[in-house]
Amino acid sequence: MKYLLVVLLAVSLSGCDKNDVSYKESDYLEGKGTFTYQGYVPLSSKPVNVYYFVPDNSDSSTPVLLVLHGANRNAVDYRDAWMSYAQNNKTIIIAPEFSDAYYPGGDAYNLGNIFTDGDNPSPSTLNPEQEWTFAIIEPLFSYIKTVTPTNVATYNMYGHSAGAQVLQKFVLLDSAVHLNKALAASAGWYTDAVTTIDFPYGLAQSPLADIDSSNYFSKKLMIMVGENDTDPNSAGLRHNNTVDLQGLNRYDRAIHFYNLSEQTAADSNSTFNWELETVPNASHEFTESIDKAAEWLMSE
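Computed from a predicted structure; not experimentally measured.

About the cut-offs
Residues numbered from 1 in each chain as written. Predicted model: local features only at pLDDT ≥ 70, side-chain atom pairs only at ≥ 80, totals over all residues. Heavy atoms only, no water. Helix = DSSP H or I, 4+ residues; strand = E, 2+ residues; numbered from the N terminus. Rg over C-alpha atoms; globule rule 2.2 N^0.38 Å. Buried < 20%, exposed > 50% of the residue type's maximum accessible area, 1.4 Å probe, protein only. Contact = heavy atoms within 4.5 Å. Areas by Shrake-Rupley, 256 points an atom, 1.4 Å probe, with all protein chains shown as cover. Salt bridge = Lys/Arg side-chain N within 4 Å of Asp/Glu carboxyl O. 1 Å grid on protein atoms, 1.4 Å probe; cavity = no way out; pocket = protein on both sides within 12 Å on 5 of 7 lines; lining within 4 Å. Points joined across faces, edges and corners; volume = space filled by probe spheres on them. Nonpolar A, V, L, I, M, F, W, Y, C, P; charged D, E, K, R; others polar. Phe/Tyr/Trp six-rings, centres within 6.5 Å; stacked < 30°, edge-to-face > 60°. Lys NZ or Arg CZ within 6 Å of the ring centre and 35° of its normal. Axes fitted to C-alpha atoms, helices over the stretch in contact; angles between N-to-C directions. Parallel < 35°, antiparallel > 145°, perpendicular 65-115°, else oblique. Left-handed = near helix turned anticlockwise from the far one by under 90°. Polar contact = N/O pair within 3.5 Å; in protein donor to acceptor, adjacent residues only side chain to side chain. Pairing = 2+ DSSP bridges. Right-handed = clockwise from strand over helix to strand, strands pointing away.

Engineer: How should I be thinking about the overall build of the protein in this particular structure?
Structural biologist: Scanning the protein from terminus to terminus reveals eight helices and nine strands. Radius of gyration (C-alpha) of the protein: 18 Å, near the 19 Å computed for a compact globule of 300 residues. A principal-axis box enclosing the C-alpha atoms of the protein has dimensions of 50 × 45 × 35 Å. A burial count over the protein gives 54% of its 300 residues as buried. Contacts spanning at least 24 positions in sequence make up 67% of the contacts within the protein whose residues lie at least 6 apart. Within the structure as shown, the protein displays about 12,600 Å² of accessible surface, and the carbon and sulfur contribution to it stands at 47%.

Take a look at the structure:
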């Protein structure tokens, strides 16, 4: 039955990492490897290379952590950095790579392909929800359970930098039904959970404005930032009159986002399960804060 599921989901071999274990369609995933995922039909023309690590002695209760890379689209580096934590905590790592060829620029990755031009949202440029980049996450999780021993009901997520922006927007969606815990690390800026600011810096003029805020404020989300991630001239850090109201660097923007979210939840009498973690001596490099991220994501 699992072999048939693999064939039907059209997962093909990828040779992206010469050090990876080869993956044959009839096998469970084992150890360290790569495969190409095309199983989500609406995005099947935009294949995603998936870097994985399945610890020894994984079983039906082994947790799953989905890892979202930054703007460099280097999922293999993120997978490799997480492997020792995954082995020690018996956690399956799944790191999909959203290539610039199929998910170009910030519109298709950071902003989730909600709009053709996410910086100028309009009804005419709104993409169908099934084509949003986030839409691949839940089907990928379902697929992973057919080719690994795990049968867990939920997964955790980690996103860094551009990946943190993807994750933050995914948390807002009702479609994140199997998401347990999410950690957004070192985002360059945020989509504030308010309907008084236009997308992408707020929810107004987007489908996200119609979602009940109590749904996402009740989710377990950690906002993480390094205490030294304070360079206003950091490469790739966006500045304009609107986003600079969040602060001039990643550290200030994280504090702003968390405080505004906490106040918005209080104003709407919503349960607020979000947390803020400032990592001492850390800047923007994700390996500097991965210890703290693993401590939270891999705890009960």
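Engineer: Any chance you could explain the pattern of salt bridges here in plain terms?
Structural biologist: If the charged atoms of two oppositely charged side chains come close together, the side chains can form a pair. Scanning all chains against the criterion turns up seven salt bridges. For D229, the salt bridge identified is with R250, shortest N-O distance 3.4 Å. Of this pair, D229 sits in the loop between β8 (220-226) and α7 (250-267) while R250 sits in helix α7, and the two are 21 residues apart along the sequence. R250 shares its class with D229; the two are buried.

Engineer: Explain the layout of surface pockets to me, please; I cannot follow it from the model alone.
Structural biologist: Empty space among the atoms can be located by rolling a probe the size of a water molecule over them. By volume, the largest pocket is sized at about 440 Å³. Lining the largest pocket are 23 residues, and of these A71, S161, A162, R250 and H284 sit closest to its centre. In terms of residue class, the lining of the largest pocket is made up of eight nonpolar, twelve polar and three charged. There is about 300 Å³ of room inside the second largest pocket. Residue lining of the second largest pocket: 16 residues in total, with P63, N156, N180, L297 and S299 positioned closest to the centre. Every element with two or more residues in the lining of the second largest pocket is listed here: β4 (64-68), β6 (155-160) and β7 (179-185). Split by residue class, the lining of the second largest pocket holds seven nonpolar, six polar and three charged.

Engineer: Got a minute to help me understand unusual backbone geometry in this structure?
Structural biologist: Peptide bonds are mostly trans, and most non-glycine residues show a negative phi. At the junction of F199 and P200, the peptide bond is cis and its omega measures out at 10° in the coordinates. The topology assignment puts P200 in the loop between β7 and α6 (213-217). The residue N281 is not glycine, and still its phi comes out positive at about 65°. Following the sequence through the fold, N281 ends up in the loop between β9 (274-279) and α8 (290-297).

Engineer: Please explain the packing of aromatic side chains as it appears in this structure.
Structural biologist: Geometry of an aromatic ring pair is reported as the spacing of the ring centres plus the angle between the planes. Enumeration according to the criterion identifies 19 aromatic pairs in this entry. Members of the aromatic cluster, each reached through a chain of ring pairs, are Y190, Y216, F217, F257, Y258, F272 and W274. Note that K46 overlies the ring of Y103, its terminal NZ or CZ placed 5.9 Å from the centroid. Positioned above the aromatic ring of W189, the side-chain terminus of K169 is 5.2 Å from the ring centre.

Engineer: Just to check I follow, could you spell out the packing of helix α2 (residues 75-88) against α8 for this structure?
Structural biologist: The relative placement of two packed helices comes down to the angle between their axes together with the axis-to-axis distance. Look at α2 against α8: their axes get within 11 Å of each other, and the N-to-C directions meet at 45°. Taken together, the axes of α2 and α8 lie oblique to each other. For the pair α2 and α8, the crossing hand works out as right-handed. For the pair α2 and α8, the contacting residues are A81, W82 and Y85 in the first and I290, D291, A293, A294 and L297 in the second.

Engineer: Is there a simple way to explain the side chain of S261 in this structure?
Structural biologist: As for its position among the elements, S261 is in helix α7. The class of S261 is buried, set by a relative accessible area of 2%. A distance of 2.7 Å separates a polar side-chain atom of S261 from the backbone oxygen of F257. In this structure, S261 is in contact with F217, F272 and W274, ignoring residues within four places of it in sequence.

Engineer: Help me understand the pairing of β4, please; the structure alone is not making it clear to me.
Structural biologist: The side chains of a regular strand alternate, first on one face of the sheet and then on the other. Within β4, five of the five residues are buried, which leaves the element mostly enclosed by the surrounding structure. Of the two faces of β4, the one lined by V64, L66 and L68 and the one lined by L65 and V67 are each fully buried. Bridge analysis of β4 against strand β5 (residues 92-97) gives three bridges, and the strand direction is parallel. Looking at β5, one finds that V64 is bridged to I92. In this fold, β4 hands off to α2, which returns the chain to β5; that crossover is right-handed. Taken together, the four bridges between β4 and β6 define a ladder with parallel strand orientation. Across the sheet, residue L65 finds its bridge partner in β6, namely N156.

Remember that the coordinates give geometry; whether it matters functionally is a separate question.
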